[in-house]
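Notes for the structure review
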Amino acid sequence: MNPNQKIRVATVWLSGCSGCHMSFLDQDERLIDLAKKITLVYSPFADVKEFPKDVAITLIEGAVANEEQKELLKTIRSRTAILVSLGDCAVTGNVVALRNGLPHTDQAVLERAYKDPAVLNAQIPDQVPKLLTHARPLHEIIKVDHYIPGCPPNADLINYILTELLAGRTPTMEGHSKYG
């Protein structure tokens, strides 16, 4: 990676709670240093509709729960040099995979999510993407290069992994006390 050129970075939020992106923001003043090194080309923080080409590093939060996410994930992998699973939902399926114990139909899952807890006007939204039979962690769909565990992951660990990757180094467990 050319040290004089900003590195193209993306963050993606699939099925999850957004806690991983909040931990990303918890890097606080280190975000200023990070902003000097990267160009954020896709993120829930930016209004970009299509995942761009030639992304150096993508951090993905959340499990893969529906067909649209599965296709997006394949696109992201084909356009990203280094892909990082961010948080336990992306790494293991975690909270999103709790639905895997329900009967394996879209209707059963949607009724449990939208109708069962409702007090008034129980209804399922009209345009819900086709659910996968089971929610999956990223590595079951595509190749993942690095994993940042945690629910939510530690901001220091996110910063360590990003700093190492931006410097062209491979992060190691020995390099950070909060890894794994």
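Check the entry above for the structure.
Residues numbered from 1 in each chain as written. Predicted model: local features only at pLDDT ≥ 70, side-chain atom pairs only at ≥ 80, totals over all residues. Heavy atoms only, no water.

Each helix and strand in the chain was counted, giving six helices and seven strands. When the elements of the chain are put in sequence order from the N terminus, they spell out β-α-α-β-β-β-α-β-α-α-β-β-α. Seen along its three principal axes, the alpha-carbon backbone of the chain occupies a region of about 55 × 35 × 30 Å. Looking at the 180 residues of the chain, the share that counts as buried comes to 43%. When the accessible area of the chain is evaluated, it comes to approximately 9800 Å², of which 51% is carbon and sulfur surface. Looking at charge distribution, the chain has the averaged site of its 19 positive side-chain charges lying 4 Å from that of its 21 negative ones. (Helix = DSSP H or I, 4+ residues; strand = E, 2+ residues; numbered from the N terminus. Buried < 20%, exposed > 50% of the residue type's maximum accessible area, 1.4 Å probe, protein only. Areas by Shrake-Rupley, 256 points an atom, 1.4 Å probe, with all protein chains shown as cover. Lys, Arg positive; Asp, Glu negative; His and termini not counted. Charge placed at Lys NZ, Arg CZ, Asp CG, Glu CD.)

The next point concerns the packing of helix α2 (residues 30-37) against helix α6 (residues 155-166). Contact pair α2 / α6: the axes reach a minimum separation of 12 Å and the direction vectors enclose 25°. Between α2 and α6, the crossing angle belongs to the class labelled roughly parallel. Where α2 crosses over α6, the two elements pack in a sense that is left-handed. Across the interface between the two elements, Arg 30, Leu 34 and Lys 37 from α2 touch Ala 155, Asp 156, Asn 159, Leu 162 and Leu 166 from α6. When its residues are assigned to classes, the contact of α2 with α6 shows four nonpolar, one polar and three charged. (Axes fitted to C-alpha atoms, helices over the stretch in contact; angles between N-to-C directions. Parallel < 35°, antiparallel > 145°, perpendicular 65-115°, else oblique. Left-handed = near helix turned anticlockwise from the far one by under 90°. Contact = heavy atoms within 4.5 Å. Nonpolar A, V, L, I, M, F, W, Y, C, P; charged D, E, K, R; others polar.)

What follows deals with a nonpolar patch on the surface. Residues Met 22, Leu 25, Leu 40 and Phe 45 make up a contiguous nonpolar surface patch of roughly 320 Å² in combined accessible area. Structurally, Met 22 can be placed in helix α1 (residues 19-25). (Patch = residues over 30% accessible without salt bridge, like charges linked within 9 Å, V, L, I, M, F, W, Y side chains within 5 Å. Salt bridge = Lys/Arg side-chain N within 4 Å of Asp/Glu carboxyl O.)

All right, on to unusual backbone geometry then. With an omega of -5°, the peptide bond between Cys 151 and Pro 152 qualifies as cis. Within the secondary structure, Pro 152 sits in the loop between β7 (146-148) and α6. Phi is positive for Asp 28, which is not a glycine, with a value near 50°. Of note, Asp 54 is a non-glycine position whose phi angle comes to about 55°, a positive value.

Sheet architecture is open: five strands sit in the order β2-β1-β3-β5-β7, paired in parallel fashion. Whereas interior strands pair on both sides, the edge strands pair on one side only; in this sheet they are β2 (38-42) and β7. Neighbour-to-neighbour, the strand axes of this sheet turn through a mean angle of 25°, independent of strand direction. The pairing of strand β5 (residues 80-86) with β7 spans three bridges and is classified as parallel. Paired with Ser 85 across the two strands is Tyr 147, which belongs to β7. Strands β1 (7-13), β2, β3 (55-61) and β5 of the sheet are contacted by helix α3 (residues 67-79), whose axis makes an angle of about 130° with β5. (Pairing = 2+ DSSP bridges.)

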